[in-house]
Amino acid sequence: MSAHKILQRATDHAVAFLDGVDDRPIATSASLSELRASLSRELTIEGVPEAQVIDDLVRDAQGGLLGSGNGRFYGWVIGGTLPVALAADWLTSTWDQNAASNVTAPAEAVVEEVCADWIKDVLGLPSQSSFAFVTGCQMAHTTAFAAARHHLLRARNWDVEAKGLFGAPGLRILTSENRHESILRAVRLLGIGTDAVVFVANDAQGRMDPTALEAILRAAPEAATIISLQAGDLNSGVFDSFKDLCPIARAHQAWVHVDGAFGLWAGASARYRHLLEGVEQANSWATDGHKWLNLPFDSGFAFVAEPAAHRAAFSQETSYAVPLADLRNQKDWNPEWSRRGRGFAAYAALRCLGRQGLSDLVDRCCDFAVRLATGIGALEGAEVVSSPIINQGLVRFLSPDGDHDRRTDEVIARIQQLGTAWFGGVTWYGRRAMRISVCNWLTSEDDIERSIAAVQAALQEVTGS
Ligand SMILES: *Cc1c(COP(=O)(O)O)cnc(C)c1O
(Lines give C-alpha, C1' and ligand atoms only; values in the text may rest on other atoms or scores of the structure.)
Protein backbone atom coordinates (compact mmCIF):
# COMPACT_ATOMS: atom_id res chain seq x y z
CA MET A 1 0.00 0.00 0.00
CA SER A 2 1.32 3.44 -0.86
CA ALA A 3 1.71 6.19 1.73
CA HIS A 4 -1.09 7.98 -0.03
CA LYS A 5 -3.62 5.21 0.55
CA ILE A 6 -2.92 4.71 4.23
CA LEU A 7 -2.92 8.43 4.90
CA GLN A 8 -6.21 8.85 3.06
CA ARG A 9 -7.64 6.05 5.17
CA ALA A 10 -6.47 7.71 8.38
CA THR A 11 -7.86 11.05 7.17
CA ASP A 12 -11.26 9.45 6.60
CA HIS A 13 -11.22 7.97 10.10
CA ALA A 14 -10.11 11.31 11.57
CA VAL A 15 -12.79 13.31 9.81
CA ALA A 16 -15.46 10.80 10.83
CA PHE A 17 -14.26 11.08 14.43
CA LEU A 18 -14.45 14.88 14.34
CA ASP A 19 -17.88 14.82 12.68
CA GLY A 20 -19.14 12.60 15.49
CA VAL A 21 -17.71 14.54 18.43
CA ASP A 22 -20.93 16.43 19.10
CA ASP A 23 -23.19 13.36 18.98
CA ARG A 24 -21.18 10.71 20.79
CA PRO A 25 -21.47 10.46 24.59
CA ILE A 26 -18.63 12.40 26.18
CA ALA A 27 -17.75 9.79 28.79
CA THR A 28 -15.75 6.75 27.71
CA SER A 29 -17.75 3.57 27.17
CA ALA A 30 -15.08 0.87 27.58
CA SER A 31 -13.58 -0.14 30.92
CA LEU A 32 -9.82 -0.45 31.26
CA SER A 33 -10.09 -4.24 31.29
CA GLU A 34 -12.17 -4.14 28.10
CA LEU A 35 -9.55 -1.91 26.50
CA ARG A 36 -6.82 -4.28 27.59
CA ALA A 37 -8.71 -7.20 26.16
CA SER A 38 -9.13 -5.57 22.76
CA LEU A 39 -5.74 -3.83 22.49
CA SER A 40 -3.34 -6.38 24.01
CA ARG A 41 -2.12 -8.55 21.21
CA GLU A 42 0.78 -10.76 20.57
CA LEU A 43 3.54 -8.88 18.76
CA THR A 44 3.77 -11.02 15.68
CA ILE A 45 6.91 -12.00 13.83
CA GLU A 46 5.63 -11.17 10.37
CA GLY A 47 3.72 -7.96 11.23
CA VAL A 48 0.26 -6.85 10.13
CA PRO A 49 -0.81 -4.95 6.96
CA GLU A 50 -0.95 -1.21 7.54
CA ALA A 51 -4.65 -0.76 6.63
CA GLN A 52 -5.60 -3.40 9.16
CA VAL A 53 -3.40 -1.81 11.82
CA ILE A 54 -5.14 1.53 11.40
CA ASP A 55 -8.66 0.11 11.12
CA ASP A 56 -8.15 -2.08 14.19
CA LEU A 57 -6.67 0.79 16.16
CA VAL A 58 -9.66 3.01 15.42
CA ARG A 59 -12.13 0.28 16.32
CA ASP A 60 -10.35 -0.90 19.48
CA ALA A 61 -9.50 2.53 20.88
CA GLN A 62 -12.94 4.03 20.30
CA GLY A 63 -14.55 3.15 23.64
CA GLY A 64 -11.50 4.46 25.45
CA LEU A 65 -11.49 7.91 23.86
CA LEU A 66 -12.78 10.58 26.23
CA GLY A 67 -14.85 13.18 24.38
CA SER A 68 -12.81 16.06 25.78
CA GLY A 69 -12.93 17.81 22.39
CA ASN A 70 -16.70 18.22 22.79
CA GLY A 71 -17.95 21.77 23.41
CA ARG A 72 -19.82 20.49 26.49
CA PHE A 73 -16.73 19.13 28.20
CA TYR A 74 -15.77 21.25 31.23
CA GLY A 75 -13.40 18.98 33.17
CA TRP A 76 -9.89 19.99 34.34
CA VAL A 77 -8.64 22.73 31.97
CA ILE A 78 -8.34 20.90 28.70
CA GLY A 79 -9.35 22.94 25.66
CA GLY A 80 -10.08 21.61 22.19
CA THR A 81 -8.18 21.83 18.94
CA LEU A 82 -8.74 24.48 16.31
CA PRO A 83 -9.03 22.75 12.92
CA VAL A 84 -6.30 24.95 11.47
CA ALA A 85 -3.97 23.96 14.32
CA LEU A 86 -4.75 20.29 13.77
CA ALA A 87 -4.02 20.70 10.07
CA ALA A 88 -0.67 22.32 10.83
CA ASP A 89 0.02 19.55 13.36
CA TRP A 90 -0.59 16.93 10.67
CA LEU A 91 1.90 18.74 8.49
CA THR A 92 4.34 18.88 11.42
CA SER A 93 4.25 15.10 11.70
CA THR A 94 4.50 14.77 7.94
CA TRP A 95 7.51 17.07 7.64
CA ASP A 96 9.09 15.26 10.61
CA GLN A 97 11.66 17.96 11.30
CA ASN A 98 13.92 17.60 14.30
CA ALA A 99 13.30 20.89 16.09
CA ALA A 100 16.47 20.55 18.17
CA SER A 101 18.42 22.77 15.88
CA ASN A 102 18.08 25.42 13.22
CA VAL A 103 20.17 23.17 10.96
CA THR A 104 17.79 20.23 11.18
CA ALA A 105 14.66 22.43 11.27
CA PRO A 106 15.33 25.95 9.93
CA ALA A 107 11.71 26.81 9.08
CA GLU A 108 10.61 25.70 12.55
CA ALA A 109 13.35 27.82 14.14
CA VAL A 110 12.07 30.91 12.34
CA VAL A 111 8.42 30.11 13.06
CA GLU A 112 9.22 29.78 16.78
CA GLU A 113 10.85 33.22 16.73
CA VAL A 114 7.84 34.72 15.00
CA CYS A 115 5.32 33.02 17.32
CA ALA A 116 7.25 33.96 20.45
CA ASP A 117 7.16 37.61 19.39
CA TRP A 118 3.43 37.41 18.75
CA ILE A 119 2.72 35.70 22.08
CA LYS A 120 4.86 38.11 24.11
CA ASP A 121 3.07 40.99 22.44
CA VAL A 122 -0.43 39.58 22.97
CA LEU A 123 0.20 38.58 26.59
CA GLY A 124 2.01 41.81 27.49
CA LEU A 125 5.39 40.23 28.34
CA PRO A 126 8.70 42.06 27.83
CA SER A 127 9.76 41.85 24.20
CA GLN A 128 13.41 40.99 24.93
CA SER A 129 12.47 37.84 26.89
CA SER A 130 13.94 34.56 25.71
CA PHE A 131 11.62 31.61 25.20
CA ALA A 132 11.27 27.85 24.81
CA PHE A 133 8.58 25.76 23.11
CA VAL A 134 8.09 22.83 25.48
CA THR A 135 5.61 20.00 26.10
CA GLY A 136 3.37 21.89 28.50
CA CYS A 137 3.23 24.25 31.44
CA GLN A 138 4.93 21.82 33.81
CA MET A 139 8.04 21.75 31.60
CA ALA A 140 7.77 25.51 31.14
CA HIS A 141 8.06 25.82 34.95
CA THR A 142 11.03 23.47 34.93
CA THR A 143 12.72 25.50 32.19
CA ALA A 144 12.09 28.79 33.97
CA PHE A 145 13.21 27.46 37.37
CA ALA A 146 16.43 26.15 35.82
CA ALA A 147 17.12 29.68 34.59
CA ALA A 148 16.21 31.09 38.02
CA ARG A 149 18.47 28.58 39.76
CA HIS A 150 21.38 29.62 37.56
CA HIS A 151 20.71 33.31 38.07
CA LEU A 152 20.36 33.18 41.85
CA LEU A 153 23.30 30.87 42.45
CA ARG A 154 25.62 32.67 40.07
CA ALA A 155 24.97 35.81 42.09
CA ARG A 156 26.31 33.75 45.05
CA ASN A 157 29.39 32.64 43.12
CA TRP A 158 28.13 29.12 42.65
CA ASP A 159 28.31 27.43 39.25
CA VAL A 160 25.30 25.13 39.47
CA GLU A 161 25.69 23.70 35.96
CA ALA A 162 29.14 22.38 36.93
CA LYS A 163 28.78 21.69 40.65
CA GLY A 164 25.14 20.76 40.96
CA LEU A 165 23.33 21.45 44.20
CA PHE A 166 25.51 19.40 46.59
CA GLY A 167 27.00 21.97 48.94
CA ALA A 168 25.33 24.88 47.13
CA PRO A 169 23.87 27.88 48.91
CA GLY A 170 20.26 27.12 49.86
CA LEU A 171 17.46 27.87 47.43
CA ARG A 172 13.86 28.30 48.48
CA ILE A 173 10.55 28.61 46.67
CA LEU A 174 7.82 30.83 48.05
CA THR A 175 4.36 30.11 46.71
CA SER A 176 0.78 29.91 47.91
CA GLU A 177 -1.42 27.01 48.95
CA ASN A 178 -3.35 27.43 45.70
CA ARG A 179 -0.33 26.70 43.49
CA HIS A 180 -0.69 23.97 40.91
CA GLU A 181 1.01 20.65 41.71
CA SER A 182 3.20 21.02 38.64
CA ILE A 183 5.18 23.70 40.51
CA LEU A 184 6.18 21.14 43.14
CA ARG A 185 7.20 18.59 40.54
CA ALA A 186 9.39 21.11 38.74
CA VAL A 187 11.06 21.79 42.10
CA ARG A 188 11.62 18.06 42.59
CA LEU A 189 13.00 17.50 39.11
CA LEU A 190 15.55 20.27 39.54
CA GLY A 191 16.92 18.78 42.74
CA ILE A 192 15.71 21.69 44.85
CA GLY A 193 13.28 19.44 46.71
CA THR A 194 9.87 20.18 48.14
CA ASP A 195 11.27 20.81 51.63
CA ALA A 196 12.52 24.07 50.17
CA VAL A 197 8.95 25.17 49.40
CA VAL A 198 7.46 27.70 51.82
CA PHE A 199 3.77 28.52 51.60
CA VAL A 200 2.95 32.19 51.99
CA ALA A 201 -0.43 33.11 53.50
CA ASN A 202 -3.23 34.26 51.22
CA ASP A 203 -5.57 37.21 51.58
CA ALA A 204 -9.34 36.72 51.76
CA GLN A 205 -9.59 36.43 47.96
CA GLY A 206 -7.02 33.64 47.81
CA ARG A 207 -4.18 35.84 46.52
CA MET A 208 -0.71 35.88 48.04
CA ASP A 209 -0.67 38.37 50.89
CA PRO A 210 2.00 41.06 50.23
CA THR A 211 2.57 41.70 53.94
CA ALA A 212 3.17 38.02 54.61
CA LEU A 213 5.55 37.82 51.63
CA GLU A 214 7.53 40.81 52.79
CA ALA A 215 7.87 39.42 56.32
CA ILE A 216 9.26 36.11 55.02
CA LEU A 217 11.71 37.85 52.69
CA ARG A 218 12.87 40.21 55.41
CA ALA A 219 13.47 37.36 57.88
CA ALA A 220 16.14 35.79 55.61
CA PRO A 221 17.62 38.56 53.47
CA GLU A 222 20.48 36.39 52.16
CA ALA A 223 18.37 33.46 50.98
CA ALA A 224 18.23 32.72 47.26
CA THR A 225 14.49 32.90 46.58
CA ILE A 226 12.13 32.06 43.76
CA ILE A 227 8.61 33.38 44.24
CA SER A 228 6.06 31.41 42.23
CA LEU A 229 2.90 33.41 41.60
CA GLN A 230 -0.23 32.45 39.76
CA ALA A 231 -2.22 34.01 36.93
CA GLY A 232 -5.52 32.15 37.08
CA ASP A 233 -6.13 29.59 39.81
CA LEU A 234 -7.63 26.30 38.68
CA ASN A 235 -10.73 26.58 40.87
CA SER A 236 -11.53 30.24 41.31
CA GLY A 237 -9.49 31.74 38.47
CA VAL A 238 -7.98 34.22 40.97
CA PHE A 239 -4.83 36.19 39.97
CA ASP A 240 -2.09 37.14 42.40
CA SER A 241 -1.58 40.90 42.55
CA PHE A 242 1.56 41.23 40.45
CA LYS A 243 1.68 44.97 40.79
CA ASP A 244 1.91 44.70 44.59
CA LEU A 245 4.06 41.58 44.87
CA CYS A 246 6.69 42.13 42.15
CA PRO A 247 8.17 45.33 43.63
CA ILE A 248 8.53 43.60 47.02
CA ALA A 249 10.29 40.67 45.37
CA ARG A 250 12.57 42.99 43.42
CA ALA A 251 13.55 44.91 46.56
CA HIS A 252 14.79 41.59 47.99
CA GLN A 253 16.49 40.35 44.77
CA ALA A 254 14.06 37.45 44.53
CA TRP A 255 13.13 35.86 41.20
CA VAL A 256 9.42 36.00 40.35
CA HIS A 257 7.90 33.24 38.24
CA VAL A 258 4.30 33.29 37.00
CA ASP A 259 2.22 30.16 36.44
CA GLY A 260 -0.20 31.34 33.78
CA ALA A 261 -1.09 27.99 32.21
CA PHE A 262 -4.38 29.36 30.97
CA GLY A 263 -4.77 32.67 32.84
CA LEU A 264 -2.01 34.52 30.99
CA TRP A 265 -4.27 34.44 27.93
CA ALA A 266 -6.49 36.97 29.72
CA GLY A 267 -3.87 39.37 28.35
CA ALA A 268 -5.41 38.91 24.90
CA SER A 269 -8.68 40.51 26.03
CA ALA A 270 -9.29 44.19 26.74
CA ARG A 271 -11.94 43.10 29.24
CA TYR A 272 -9.63 40.95 31.37
CA ARG A 273 -6.16 42.39 30.78
CA HIS A 274 -6.33 44.42 33.99
CA LEU A 275 -6.07 41.18 35.99
CA LEU A 276 -2.47 40.92 34.78
CA GLU A 277 -1.43 44.42 35.80
CA GLY A 278 2.26 44.37 36.73
CA VAL A 279 2.85 40.85 35.35
CA GLU A 280 5.57 42.21 33.05
CA GLN A 281 7.70 42.90 36.15
CA ALA A 282 8.20 39.17 36.75
CA ASN A 283 11.36 37.31 35.68
CA SER A 284 9.75 34.29 34.03
CA TRP A 285 6.38 33.09 32.80
CA ALA A 286 4.93 29.70 31.91
CA THR A 287 1.84 29.04 29.84
CA ASP A 288 0.17 26.41 27.71
CA GLY A 289 -0.68 26.24 24.05
CA HIS A 290 -2.82 23.12 24.45
CA LYS A 291 -5.33 24.70 26.83
CA TRP A 292 -6.91 28.04 25.96
CA LEU A 293 -5.12 28.56 22.65
CA ASN A 294 -6.72 25.27 21.54
CA LEU A 295 -3.63 23.66 20.04
CA PRO A 296 -3.23 19.88 20.01
CA PHE A 297 -1.39 18.39 22.97
CA ASP A 298 2.33 18.78 23.52
CA SER A 299 2.50 22.54 23.58
CA GLY A 300 3.67 24.90 26.31
CA PHE A 301 5.75 28.07 26.34
CA ALA A 302 8.36 29.38 28.76
CA PHE A 303 9.50 33.01 28.69
CA VAL A 304 12.47 34.34 30.63
CA ALA A 305 13.38 38.00 31.18
CA GLU A 306 17.04 37.06 31.81
CA PRO A 307 18.10 35.46 28.50
CA ALA A 308 21.69 34.93 29.69
CA ALA A 309 20.55 32.83 32.66
CA HIS A 310 18.14 30.90 30.47
CA ARG A 311 20.82 30.08 27.92
CA ALA A 312 23.41 29.20 30.54
CA ALA A 313 21.08 26.59 31.97
CA PHE A 314 20.52 24.78 28.65
CA SER A 315 23.17 25.53 26.03
CA GLN A 316 25.50 22.79 24.90
CA GLU A 317 28.33 22.89 22.42
CA THR A 318 28.48 20.12 19.85
CA SER A 319 30.74 19.63 16.87
CA TYR A 320 27.94 18.24 14.74
CA ALA A 321 25.06 20.66 15.30
CA VAL A 322 26.71 23.99 14.71
CA PRO A 323 23.97 26.62 14.46
CA LEU A 324 23.50 28.85 11.48
CA ALA A 325 24.73 32.34 12.19
CA ASP A 326 22.15 34.91 13.30
CA LEU A 327 19.51 32.32 14.06
CA ARG A 328 18.56 31.04 17.47
CA ASN A 329 19.45 27.39 17.99
CA GLN A 330 16.42 25.88 19.73
CA LYS A 331 18.15 23.27 21.87
CA ASP A 332 20.18 25.96 23.65
CA TRP A 333 16.96 27.09 25.31
CA ASN A 334 14.97 23.84 25.65
CA PRO A 335 15.22 20.94 28.08
CA GLU A 336 14.91 18.41 25.25
CA TRP A 337 17.29 17.57 22.48
CA SER A 338 15.34 15.94 19.60
CA ARG A 339 11.75 17.08 19.60
CA ARG A 340 8.67 17.88 17.62
CA GLY A 341 8.29 21.19 15.78
CA ARG A 342 5.78 22.76 18.14
CA GLY A 343 5.86 26.11 16.41
CA PHE A 344 3.84 25.30 13.30
CA ALA A 345 0.53 24.61 15.06
CA ALA A 346 0.91 27.71 17.25
CA TYR A 347 1.74 29.80 14.18
CA ALA A 348 -1.33 28.51 12.30
CA ALA A 349 -3.71 29.08 15.23
CA LEU A 350 -2.49 32.58 16.01
CA ARG A 351 -2.48 33.66 12.37
CA CYS A 352 -5.95 32.31 11.78
CA LEU A 353 -7.51 33.75 14.93
CA GLY A 354 -5.81 37.12 14.74
CA ARG A 355 -5.88 39.44 17.75
CA GLN A 356 -9.64 39.84 17.56
CA GLY A 357 -10.30 36.13 17.24
CA LEU A 358 -8.13 35.39 20.25
CA SER A 359 -9.77 38.11 22.30
CA ASP A 360 -13.24 36.85 21.28
CA LEU A 361 -12.29 33.29 22.24
CA VAL A 362 -11.25 34.43 25.72
CA ASP A 363 -14.30 36.65 26.24
CA ARG A 364 -16.71 34.02 24.97
CA CYS A 365 -15.33 31.31 27.28
CA CYS A 366 -15.50 33.66 30.26
CA ASP A 367 -19.11 34.62 29.47
CA PHE A 368 -20.06 30.97 29.14
CA ALA A 369 -18.40 30.07 32.45
CA VAL A 370 -20.48 32.74 34.20
CA ARG A 371 -23.63 31.51 32.48
CA LEU A 372 -22.96 27.93 33.49
CA ALA A 373 -22.23 28.85 37.10
CA THR A 374 -25.27 31.10 37.35
CA GLY A 375 -27.57 28.69 35.52
CA ILE A 376 -26.50 25.68 37.58
CA GLY A 377 -26.45 27.71 40.80
CA ALA A 378 -30.10 28.68 40.19
CA LEU A 379 -31.25 25.04 40.08
CA GLU A 380 -33.13 23.68 43.08
CA GLY A 381 -30.57 21.97 45.33
CA ALA A 382 -27.51 23.64 43.83
CA GLU A 383 -25.35 26.62 44.77
CA VAL A 384 -22.43 28.58 43.42
CA VAL A 385 -19.27 28.03 45.47
CA SER A 386 -16.95 30.30 43.47
CA SER A 387 -18.18 32.65 40.73
CA PRO A 388 -15.88 32.72 37.72
CA ILE A 389 -13.41 35.60 37.56
CA ILE A 390 -12.42 34.37 34.12
CA ASN A 391 -13.27 30.89 32.73
CA GLN A 392 -13.14 28.73 35.89
CA GLY A 393 -15.77 28.40 38.60
CA LEU A 394 -17.19 26.03 41.21
CA VAL A 395 -20.71 24.89 42.13
CA ARG A 396 -21.96 22.21 44.50
CA PHE A 397 -25.13 20.28 45.26
CA LEU A 398 -26.95 20.27 48.58
CA SER A 399 -28.46 17.35 50.41
CA PRO A 400 -31.23 17.74 53.00
CA ASP A 401 -29.23 15.43 55.32
CA GLY A 402 -26.33 17.88 55.25
CA ASP A 403 -23.93 15.56 53.42
CA HIS A 404 -23.34 17.96 50.54
CA ASP A 405 -20.02 16.34 49.63
CA ARG A 406 -21.69 13.00 48.92
CA ARG A 407 -24.51 14.65 47.01
CA THR A 408 -22.06 16.65 44.91
CA ASP A 409 -20.13 13.51 43.94
CA GLU A 410 -23.35 11.65 43.15
CA VAL A 411 -24.58 14.38 40.85
CA ILE A 412 -21.20 14.63 39.08
CA ALA A 413 -21.16 10.86 38.51
CA ARG A 414 -24.69 10.94 37.12
CA ILE A 415 -23.92 13.84 34.75
CA GLN A 416 -20.92 11.93 33.43
CA GLN A 417 -23.03 8.79 32.91
CA LEU A 418 -25.76 10.66 31.05
CA GLY A 419 -23.04 11.73 28.61
CA THR A 420 -24.35 15.08 27.32
CA ALA A 421 -22.00 17.21 29.39
CA TRP A 422 -18.90 16.43 31.46
CA PHE A 423 -17.71 18.08 34.67
CA GLY A 424 -15.19 16.88 37.25
CA GLY A 425 -15.06 17.11 41.03
CA VAL A 426 -12.56 18.82 43.31
CA THR A 427 -12.05 19.33 47.04
CA TRP A 428 -11.81 23.07 47.67
CA TYR A 429 -11.15 24.39 51.17
CA GLY A 430 -12.31 21.06 52.57
CA ARG A 431 -15.55 20.82 50.60
CA ARG A 432 -16.41 18.83 47.49
CA ALA A 433 -17.36 20.96 44.51
CA MET A 434 -17.97 20.56 40.80
CA ARG A 435 -15.51 22.47 38.66
CA ILE A 436 -16.51 24.43 35.58
CA SER A 437 -13.78 25.11 33.04
CA VAL A 438 -14.66 26.61 29.67
CA CYS A 439 -11.75 26.80 27.25
CA ASN A 440 -12.86 25.08 24.05
CA TRP A 441 -13.27 27.18 20.87
CA LEU A 442 -16.26 24.93 19.98
CA THR A 443 -18.45 25.71 22.99
CA SER A 444 -21.62 27.48 21.82
CA GLU A 445 -24.72 29.11 23.32
CA ASP A 446 -26.60 25.94 22.57
CA ASP A 447 -23.99 23.86 24.43
CA ILE A 448 -24.47 26.00 27.52
CA GLU A 449 -28.26 25.56 27.47
CA ARG A 450 -27.96 21.81 26.89
CA SER A 451 -25.38 21.50 29.66
CA ILE A 452 -27.50 23.27 32.24
CA ALA A 453 -30.41 21.03 31.23
CA ALA A 454 -28.18 17.95 31.60
CA VAL A 455 -27.15 19.02 35.11
CA GLN A 456 -30.80 19.58 35.98
CA ALA A 457 -31.74 16.12 34.69
CA ALA A 458 -28.95 14.45 36.69
CA LEU A 459 -29.86 16.40 39.80
CA GLN A 460 -33.51 15.39 39.52
CA GLU A 461 -32.59 11.75 39.10
CA VAL A 462 -30.29 11.81 42.11
CA THR A 463 -32.77 13.65 44.34
CA GLY A 464 -35.70 11.63 42.99
CA SER A 465 -37.71 14.79 42.40
C1 LIG B 1 -2.65 22.63 33.52
C2 LIG B 1 -1.92 23.49 34.48
C3 LIG B 1 -0.56 23.29 34.73
C4 LIG B 1 0.22 22.14 34.13
O5 LIG B 1 0.26 22.29 32.74
P6 LIG B 1 0.61 21.05 31.79
O7 LIG B 1 0.45 21.63 30.44
O8 LIG B 1 -0.39 20.00 32.11
O9 LIG B 1 2.00 20.63 32.10
C10 LIG B 1 0.07 24.18 35.57
N11 LIG B 1 -0.59 25.19 36.16
C12 LIG B 1 -1.91 25.40 35.97
C13 LIG B 1 -2.58 26.55 36.65
C14 LIG B 1 -2.62 24.56 35.12
O15 LIG B 1 -3.93 24.77 34.89
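Because the structure is predicted, anything quoted here is derived from the model rather than measured.

Near the ligand you find 14 residues, and of these Q138, D259, D288, H290 and K291 are the closest. One of the backbone nitrogen or oxygen atoms of C137 is found 2.9 Å away from an oxygen atom of the ligand. Relative to its free-state accessible area of 380 Å², the ligand is covered by the protein chains to the extent of 84%. Mapping the ligand onto the cavity grids shows that it belongs to the second largest pocket.

This paragraph deals with the nonpolar core. One finds I227, I376 and F423 to be the most contacted residues of the largest nonpolar core, which totals 89 residues. Broken down by element, the residue count for this core peaks at 15 residues, all from helix α12 (residues 343-377). Contact partners of I376, with chain neighbours within four places excluded, come to A382, V395, F397, F423, M434, I436, I452 and V455. The next biggest cluster of nonpolar side chains, apart from the first, holds 25 residues, and it includes I173, V187, A196 and I226.

With that out of the way, let us pick up the domain arrangement of the protein chain. When its domains are assigned, the protein chain resolves into domain 1 (3-68) and domain 2 (87-349). Here the C-alpha centroids of domain 1 and domain 2 sit 36 Å apart.

Along the polypeptide, R271 turns up in the loop between β5 (255-259) and β6 (284-288). Through-space distance from the C-alpha of R271 to that of A348 is 25 Å; in sequence the pair is 77 residues apart. Excluding anything up to four places from it in sequence, R271 contacts D363 and D367. Looking at R271, its side chain comes within polar contact range of the side chain of D367, at 2.6 Å.

Reading the values: the criteria
Residues numbered from 1 in each chain as written. Predicted model: local features only at pLDDT ≥ 70, side-chain atom pairs only at ≥ 80, totals over all residues. Heavy atoms only, no water. Near = heavy atom within 4 Å. Polar contact = N/O pair within 3.5 Å; in protein donor to acceptor, adjacent residues only side chain to side chain. Areas by Shrake-Rupley, 256 points an atom, 1.4 Å probe, with all protein chains shown as cover. 1 Å grid on protein atoms, 1.4 Å probe; cavity = no way out; pocket = protein on both sides within 12 Å on 5 of 7 lines; lining within 4 Å. Sits in = over half its atoms within 2 Å of the grid points. Core = buried A, V, L, I, M, F, W, Y, C linked by side-chain atoms within 4.5 Å. Buried < 20%, exposed > 50% of the residue type's maximum accessible area, 1.4 Å probe, protein only. Helix = DSSP H or I, 4+ residues; strand = E, 2+ residues; numbered from the N terminus. Contact = heavy atoms within 4.5 Å. Domains from an automatic or database assignment.

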